Amino acid sequence: MTPPLPRLHGLPLDAQGRLLLGGQPLSHWAEVLGQTPFYLYDRACIAERVAALRAALPAGWQLHYAVKANPMPALVQCLAGLVDGLDVASAGELRTALDTGMAPGHVSFAGPGKREAELRQAAAAGIVVNVESERELHALAAAAQALGRRPPVALRINPDFEMKGAAARMGGGPRPFGVDAEQAPALLAAMRTLPLEFVGFHLYFGSQNLQAEGLAQSQRQALALAERLAPHAPGPVRLLNLGGGLGIPYFPGERPLDLAALSAAMHALAAPLAAAFPQAVPVLELGRYLVGEAGVYVCRVIDRKVSRGQVFLVTDGGLHHHLAASGNLGQVLRRNYPVVLAERAAPGPDEATEVASVVGPLCTGLDLLGDRLRLPPARLGDLVAVLASGAYGASASPNRFLGHPPPLEALV
Ligand SMILES: *Cc1c(COP(=O)(O)O)cnc(C)c1O
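Small disclaimer: the values here were computed from a predicted structure and weren't measured. (Residues numbered from 1 in each chain as written. Predicted model: local features only at pLDDT ≥ 70, side-chain atom pairs only at ≥ 80, totals over all residues. Heavy atoms only, no water.)

Asker: Any details on helix α6 (residues 134–147)? Residues and values, ideally.
Answerer: Taking 1.5 Å per residue, 14 residues should reach 20 Å; α6 reaches 20 Å between its end C-alpha atoms and fits that length. Residues of α6 that are buried include every one of Glu136, Leu137, Ala139, Leu140, Ala141, Ala143 and Ala144, and no others. On its buried side, α6 packs onto α5 (116–125), β9 (128–131), β10 (152–158) and α7 (184–191). Gly148 sits one or two positions beyond α6 and adopts a positive phi of about 65 degrees. (Helix = DSSP H or I, 4+ residues; strand = E, 2+ residues; numbered from the N terminus. Expected span 1.5 Å × (residues − 1). Buried < 20%, exposed > 50% of the residue type's maximum accessible area, 1.4 Å probe, protein only. Contact = heavy atoms within 4.5 Å.)

Right, dumping it as structure tokens:
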């Protein structure tokens with residue numbers, strides 16, 4: 001058997017140090033697509049990640065994909081064949097999800113400001129709405145009444161605790177997401193008289209967590225909170241969404257999540273959960289963990305300048321395509337994303353390197369993809385790859401800023 005290829009942020013490298021997606025170097029895909037910049041996503045890598053996660057889950061636990069991480073239709077279609085459900089956060093994402101053929105009962109809708117029209121579409125489609133306010137509850141009930149339907153509803157709870165280790169917290173303290181745990185009993189009581197089918201609870205606390213123990217603790221707390229609220233519910237809990245938040249390493253010094261440790265903790269939780277909620281299907285909803293490392297953003301060096309001793313590689317891509325890599329999507333201190341030369345991604349210790357900054361074509365100092373990186377000396381025409389770019393890339397960037405064309409996206 002040939003030994004497995006070495007990997008860089010989840011993607012394989014060949015013997016020449018070229019990144020491989022779909023088994024081919026990025027120069028191949030640049031020719032196939034006929035242009036740079038582009039995002040490229042690797043299906044095999046996504047399938048592998050889903051399989052690893054499924055192997056880590058206790059029997060009967062389900063896995064959902066959060067479409068907002070990457071809503072590219074072909075990629076969502078690919079995920080739809082691998083996971084148990086899709087989570088959407090707008091009517092637009094709802095259409096993408098339904099286009100895949102996923103059964104409506106396996107699609108759920110979260111987000112703090114669902115409009116009446118969106119709630120009505122959700123009720124008509126028969127998807128599960130994660131209700132996040134009293135207004136949403138009554139607007140959904142009115143839509144259900146008008147349509148003569150009884151749509152499934154989960155109550156999204158803003159817990160009375162925070163997730164430890166999450167880079168982005170979305171629960172605990174005052175939040176626009178969900179209803180405070182203290183307010184939940186009143187809403188659950190109100191549901192009894194409305195044409196809504198209570199199915200369970202949605203508990204989503206945070207994102208980008210690399211600590212297994214922080215994630216495990218939040219799941220234990222989620223179960224305890226659901227147990228406290230269940231006596232107020234108008235029916236049995238059949239769906240218990242424990243959230244997600246599994247992170248991927250982006251920055252120097254970050255270590256991948258210890259999935260084995262999280263798996264052990266989830267297995268320990270499985271029996272008490274089943275005892276408390278014998279009818280409930282536990283669900284994890286994940287975005288970036290499933291697709292983040294399966295994607296790269298690729299641009300080309302179009303100029304090379306030396307300014308007062310500092311090398312700048314000017315590329316045809318930038319923050320208008322990849323806001324997160326530029327550090328402008330919610331970082332406190334700017335840190336470098338993993339940025340490499342696509343065909344010389346792993347220079348050996350004897351290979352020549354230089355310090356260079358990778359910038360885009362936008363006339364703003366914010367357009368910095370890599371600040372003083374150590375790279376092999378780059379030539380005009382070389383491909384630059386930003387790794388770990390499969391989530392919160394193309395759709396989370398200000399594509400119209402400065403009027404350059406949008407990036408292509410391809411799934412291989
Ligand atoms: C954003 C979001 C997710 C996905 O978060 P990731 O960090 O990409 O895993 C899942 N559920 C909800 C409710 C979200 O808002």
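Let us keep going from here.
Asker: I'd like a rundown of the site of the ligand, residues and numbers included.
Answerer: Contacts to the ligand come from Ala66, Lys68, Arg156, Met170, His202, Tyr204, Ser207, Glu285, Leu286, Gly287, Arg288 and Tyr392. The contact in question runs from an oxygen atom of the ligand to an N or O atom on the backbone of Arg288, over 2.8 Å. A distance of 2.6 Å separates an oxygen atom of the ligand from a polar atom in the side chain of Tyr392. Summarising the interface, the protein chains cover 93% of the accessible area of the ligand, which totals 390 Å² for the free molecule. (Near = heavy atom within 4 Å. Polar contact = N/O pair within 3.5 Å; in protein donor to acceptor, adjacent residues only side chain to side chain. Areas by Shrake-Rupley, 256 points an atom, 1.4 Å probe, with all protein chains shown as cover.)

Asker: Quick one: what's the story with the nonpolar core, residue by residue and with numbers?
Answerer: Among the nonpolar cores identified, the biggest contains 130 residues, and Leu26, Tyr65, Phe201, Leu240 and Leu290 are the most heavily contacted of them. Considering every element that reaches this core, the biggest residue donor is helix α8 (residues 212–229), with eight residues. A domain-level breakdown of this core finds at least three residues from each of domain 1 (7–41 + 292–411) and domain 2 (103–286). Those residues in contact with Leu240 that lie beyond four places of it in its chain are Phe201, Leu203, Leu223, Ala226, Leu273, Phe277, Ala280, Val281, Pro282 and Val283. (Core = buried A, V, L, I, M, F, W, Y, C linked by side-chain atoms within 4.5 Å. Domains from an automatic or database assignment.)

Asker: Please set out the state of the cysteines residue by residue, giving values where relevant.
Answerer: Disulfide: a covalent bond connecting the sulfur atoms of a pair of cysteines. Under the criterion given, the structure shown has zero disulfides. Sulfur of Cys299: no disulfide; nearest cysteine sulfur belongs to Cys363 and is 18 Å away. (Disulfide = S-S within 2.5 Å.)

Asker: Requested: an account of the UniProt feature "modified residue: N6-(pyridoxal phosphate)lysine" (unreviewed entry) in the protein chain, with residues and values cited.
Answerer: Mapped onto this numbering, the UniProt entry annotates "modified residue: N6-(pyridoxal phosphate)lysine" (unreviewed entry) at Lys68. Residue placement: Lys68 occurs in the loop between β6 (62–66) and α3 (73–80). The exposure class assigned to Lys68 is partly exposed, which follows from its relative accessible area of 39%. Excluding its chain neighbours within four sequence positions, the residues that come into contact with Lys68 are Glu93, Tyr392 and Ser395. (UniProt positions renumbered as here; feature names shortened; annotations may be inferred.)

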